[in-house]
Amino acid sequence: KHFVVRENVRHRNGRYVPDRRDHFNFGMSETSDQATIFSQLSNLVSRAGVVLGHNFSSDVGFLKNNGFAFDDLNKVLDTEGLSRHLLQMKESASVENLLSAMDIEYDNLHNAGNDAFYTMKIFYHLLKEEDLQKYKSKLDHIRTKRIARRAKQKVLVRAKALAAENAKRGKQR
C-alpha cells in the first residue's frame, strides 16, 4: 500500500529529490488522516515477523517524532546495514545504487510505496550469496564514476572562479 497523509497533502518533494508522490507503480495511493494511517501501520507492524527498511533508523526517528510508537527494533531488517556488511563496504549505498548494481529495473524512486517494494527486491538479491562479489564490483564502479563526476564539477567551478578573477584583474589594469 501507499498512503498519503491528508494533513501533509500540501507538502511536496522536489527541492532535494524528485516529487514522486503521485507515481505509485503498484496500485492506487490511499489518502487518509495520519491517525488512521498510523492505526493501520501499527496493526501491520504488530502482526509482522520482521519489518524491512533501508536506513531504517531515519524512518523510526520520523515516525517517533510524529507520534508513532515503534518500540520493537528487534523486528527490523535494514538493507542499508545488511548490504554494507555483506558487500564489505565502508560507506552505505543508496537504494538507487544498489538497484543499479543488482541490475534491478526500477522507476519512480522517492515514492514511499515504490521504495518499499524495491527495498524488498534488494533484500532478496542480498540473499544470493554467489552474486555478492558481482554487486560489490558494480557498486565500486558506480562510486568511482560518482566521485570522478563530483571532482570534475569542483574543477569546473574553480576554473570559472579563476577565470572571473582574472577577468576582474584585467579590467582593473
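Here the structure is shown first, and the text comes after it.
Only a predicted model underlies this, so the values are computations on that prediction, with no experimental measurement involved.

(A) Quick look at the nonpolar core. Membership of the largest hydrophobic core comes to 16 residues, with the highest contact counts inside it found for Leu87, Leu98, Leu99, Met102, Ile122 and Leu139. At the level of elements, helix H4 (95–101), helix H5 (112–126) and helix H6 (132–172) are the ones that each hand at least two residues to this core. The dominant element in this core, judged by the number of residues it contributes, is H4, at four residues. For Leu139, the residues in contact, after removing those within four places along its chain, are Leu87, Met89, Ala93, Asn97, Leu98 and Ala101. With ten residues, the next largest nonpolar core counts Ile37, Phe38, Val51 and Phe70 among its residues.

(B) How the structure looks around a positive patch on the surface. There is a patch of like positive charges on the surface, built from Lys145, Arg149, Arg150 and Lys154. Take Lys154: it is sitting in helix H6. Relative accessible area serves as the criterion here: at 64%, Lys154 is assigned to the exposed category.

(C) Broad picture of the environment of Asn111. Residue placement: Asn111 occurs in the loop between H4 and H5. Owing to a relative accessible area of 1%, Asn111 belongs among the buried residues under this scheme. In sequence terms Asn111 and His23 are 88 residues apart; their C-alpha atoms lie 7.0 Å from each other. Apart from residues lying up to four places away in sequence, Asn111 is in contact with His2, Arg20, Arg21, His23 and Phe24.

(D) Structural detail: the packing of helix H3 (residues 79–86) against H5. At a minimum axis separation of 10 Å, H3 and H5 run at an interaxial angle of 25 degrees. If you check the angle between H3 and H5, you find them roughly parallel. The crossing of H3 and H5 is left-handed. Residues Thr79, Leu82, Ser83 and Leu86 of H3 form the contact with H5, whose participating residues are Thr119, Ile122, Phe123 and Leu126. When grouped by side-chain class, the residues that make up the contact of H3 with H5 number five nonpolar, three polar and no charged.

(E) Just the pattern of salt bridges, in detail. In the structure shown here, the tally under the stated rule is seven salt bridges. A salt bridge links Asp22 to Arg21; the shortest N-O distance between them is 4.0 Å. Accessibility expressed as a relative area gives 54% for Asp22, which makes it exposed. A single salt-bridge network, built from bridges that share partners, covers Arg12, Asp19, Arg21 and Asp22.

(F) Focus on helix H1 (residues 34–47). Look at H1: 20 Å from first C-alpha to last across 14 residues, which is about the 20 Å you get at 1.5 Å a residue. Turning to H1, the residues buried within the fold contact strand S1 (2–5), strand S2 (29–32), strand S3 (51–53) and helix H2 (56–65).

The rules behind the values
- Residues numbered from 1 in each chain as written.
- Predicted model: local features only at pLDDT ≥ 70, side-chain atom pairs only at ≥ 80, totals over all residues.
- Heavy atoms only, no water.
- Core = buried A, V, L, I, M, F, W, Y, C linked by side-chain atoms within 4.5 Å.
- Buried < 20%, exposed > 50% of the residue type's maximum accessible area, 1.4 Å probe, protein only.
- Helix = DSSP H or I, 4+ residues; strand = E, 2+ residues; numbered from the N terminus.
- Contact = heavy atoms within 4.5 Å.
- Patch = residues over 30% accessible without salt bridge, like charges linked within 9 Å, V, L, I, M, F, W, Y side chains within 5 Å.
- Areas by Shrake-Rupley, 256 points an atom, 1.4 Å probe, with all protein chains shown as cover.
- Salt bridge = Lys/Arg side-chain N within 4 Å of Asp/Glu carboxyl O.
- Lys, Arg positive; Asp, Glu negative; His and termini not counted.
- Charge placed at Lys NZ, Arg CZ, Asp CG, Glu CD.
- Axes fitted to C-alpha atoms, helices over the stretch in contact; angles between N-to-C directions.
- Parallel < 35°, antiparallel > 145°, perpendicular 65-115°, else oblique.
- Left-handed = near helix turned anticlockwise from the far one by under 90°.
- Nonpolar A, V, L, I, M, F, W, Y, C, P; charged D, E, K, R; others polar.
- Expected span 1.5 Å × (residues − 1).

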